[in-house]
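# Tertiary structure, described
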Amino acid sequence: MTDIIKKLRGGDLRSIGRSNEVAQEVEKNPVLFKSVFEGLFDTEPVVRMRSADIIEKVTRSNPLLLSSYTSTVISILANAQQQEVCWHMAQIAPRLKCNESQENEVIESLKRYLLHKSKIVQASAMESLATVAERNNSILDEVVEIITRHKERGSPAVQSRGRKLLKRLEGKSKNLGHQRQ
């Protein structure tokens, strides 16, 4: 077990523990990313959650760290059961450099996440679908329809996120204009 993983142990799922400290270490020394990534497969849910949190944080500014993990992230996105891992994977997904087939897998996983019991997972999936749609116009109208549906029927948090996302996508989709009429 690496020292990095040792720092992620202990406590419970309501605490990020030393995640911010480890994220700073990884930002300074990207070689540590591999050890953190391996934490996604740890037997302890708290280590998996904190690993996902750190990966999400450090790839905001350095998405290239994901370049050799695309297939693995897509697999985790499709198969993760732990809600904390799911919402971080949803946030990470738009940062992946995907071919068309891989992007379709990501989109399908994000759509499934919209049915997740966790409202955070749902909101993260909507946000990521909007991000993917901004660069992939072929799904833009479908994503606007999906977000509109969730905005109307979702929890208050999902409705709020939906309103923000639709505003962000305004002018990019034909459907937004039709919905206002």
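In this report, the structure presented in the accompanying data block is examined. (Residues numbered from 1 in each chain as written. Predicted model: local features only at pLDDT ≥ 70, side-chain atom pairs only at ≥ 80, totals over all residues. Heavy atoms only, no water.)

As a further point, take the side chain of H88. Relative to the helices and strands, H88 resides in helix α6 (residues 83-92). When near neighbours in sequence (up to four residues on either side) are disregarded, H88 contacts M49, A52, D53 and E56. (Helix = DSSP H or I, 4+ residues; strand = E, 2+ residues; numbered from the N terminus. Contact = heavy atoms within 4.5 Å.)

Let's shift gears to the nonpolar core. Core analysis: the largest hydrophobic core is formed by 55 residues, its most contacted members being F33, M89 and Y113. In this structure F33 touches V26, I55, V58, T59, L65, L66 and Y69, once residues within four positions along its chain are discounted. (Core = buried A, V, L, I, M, F, W, Y, C linked by side-chain atoms within 4.5 Å. Buried < 20%, exposed > 50% of the residue type's maximum accessible area, 1.4 Å probe, protein only.)

Quick look at the packing of aromatic side chains now. Tallying each qualifying case throughout the model produces 4 aromatic pairs. With 6.1 Å between their ring centres and 40° between their planes, F33 and F37 make a pair best called tilted. With F33 and F37 both in helix α3 (residues 33-38) and 4 residues apart, this pair spans about one turn of that helix. There is no split in this pair, since F33 and F37 are both buried. When the centroid spacing of 5.5 Å and the interplanar angle of 65° are considered together, the rings of F33 and Y69 count as edge-to-face. Here the residue F33 occupies a position in helix α3, and Y69 occupies one in the loop between α4 (45-61) and α5 (70-79), the gap between them amounting to 36 residues. (Phe/Tyr/Trp six-rings, centres within 6.5 Å; stacked < 30°, edge-to-face > 60°.)

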